[in-house]
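Fold and contact review
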Amino acid sequence: LYYCTWLVHTPIHTRSKALLDKYVKKLGVKLPEVPKQNWMGKGQTNPFYCAMVEQLDHYVGNLFKYLERTEDPRWPGHKLIENTYVIFTYDNGHYRDTGEERLLRGDKWWLWEGGIRVPMIVSGPGVAPESNCDANVVGYDLLSTFVELAGGHPEQLKDVDGVSLK
């Protein structure tokens, strides 16, 4: 399954009035007077962004719940979660909205660290909970990784720069 969500991505907005109100109150901020006006607050004070993050958390949680409760048709007596790798990552570095502090050099459209550094979380068989890896990873490593996890030989791939992360 390749699940590509628009959360959390520009444009930063939410369809949930309840979540927006929750974060306006929690952050102690005031919404713009003009509808659809861009958020101009500084730093991590954007209630729209917070609402998007909570929605993403909810959807990823639903995916894990489904995997945990659904029988694996290829492996009777087992759940899908026992035979599934979930890799959470992002397509590019962060987009710096107006007024936001720049922590890394560059952003979304740059090859500096701010444009290419993204989160990556892996869950699956053989992955120890709360384990960490300091290896540098790039998106095209995933092809070689999937080939090896499926029992193939990534070194036989032609014209592929990636390496298996297994």
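See the structure printed just above.
Quick notes on the rules
Residues numbered from 1 in each chain as written. Predicted model: local features only at pLDDT ≥ 70, side-chain atom pairs only at ≥ 80, totals over all residues. Heavy atoms only, no water. Salt bridge = Lys/Arg side-chain N within 4 Å of Asp/Glu carboxyl O. Helix = DSSP H or I, 4+ residues; strand = E, 2+ residues; numbered from the N terminus. Buried < 20%, exposed > 50% of the residue type's maximum accessible area, 1.4 Å probe, protein only. Arc of directions from axis to C-beta. Contact = heavy atoms within 4.5 Å.

What follows deals with the pattern of salt bridges. Per the stated rule, a full pass over the model turns up five salt bridges. Here Lys17 ties to Asp21 by a salt bridge, and the two come within 2.8 Å at their closest N and O atoms. One end of the pair is Lys17 and the other is Asp21, both in helix H1 (residues 17-27) and four residues apart, which spans about a single turn. Overall, Lys17 belongs to the exposed group, its relative accessible area being 56%. Among the ionic pairs, Arg74 bridges to Asp72, the shortest N-O distance being 3.0 Å. Owing to a relative accessible area of 62%, Arg74 belongs among the exposed residues under this scheme.

Moving on, we come to the environment of Ala18. Along the chain, Ala18 turns up in helix H1. When its relative accessible area of 57% is taken as the criterion, Ala18 is described as exposed. When the C-alpha atoms of Ala18 and Ala51 are compared, they prove to be 9.0 Å apart, with 33 residues separating the residues in sequence.

Before going further, it helps to spend a moment on H1. Note on helix geometry: an α-helix contains 3.6 residues per turn, so any two residues three or four positions apart are oriented the same way. Every buried residue belonging to H1 is among Leu19, Leu20, Tyr23 and Val24, and all of these are buried. The buried residues of H1 occupy an angular sector of 135° when projected down its axis, which confines them to one face. What points out from H1, more than 90 degrees from its buried face, is the exposed set Lys17, Ala18, Lys25 and Lys26. In the core, the buried residues of H1 are packed alongside helix H2 (47-69). Following H1 by one or two positions, Gly28 adopts a phi angle in the positive range, close to 65°.

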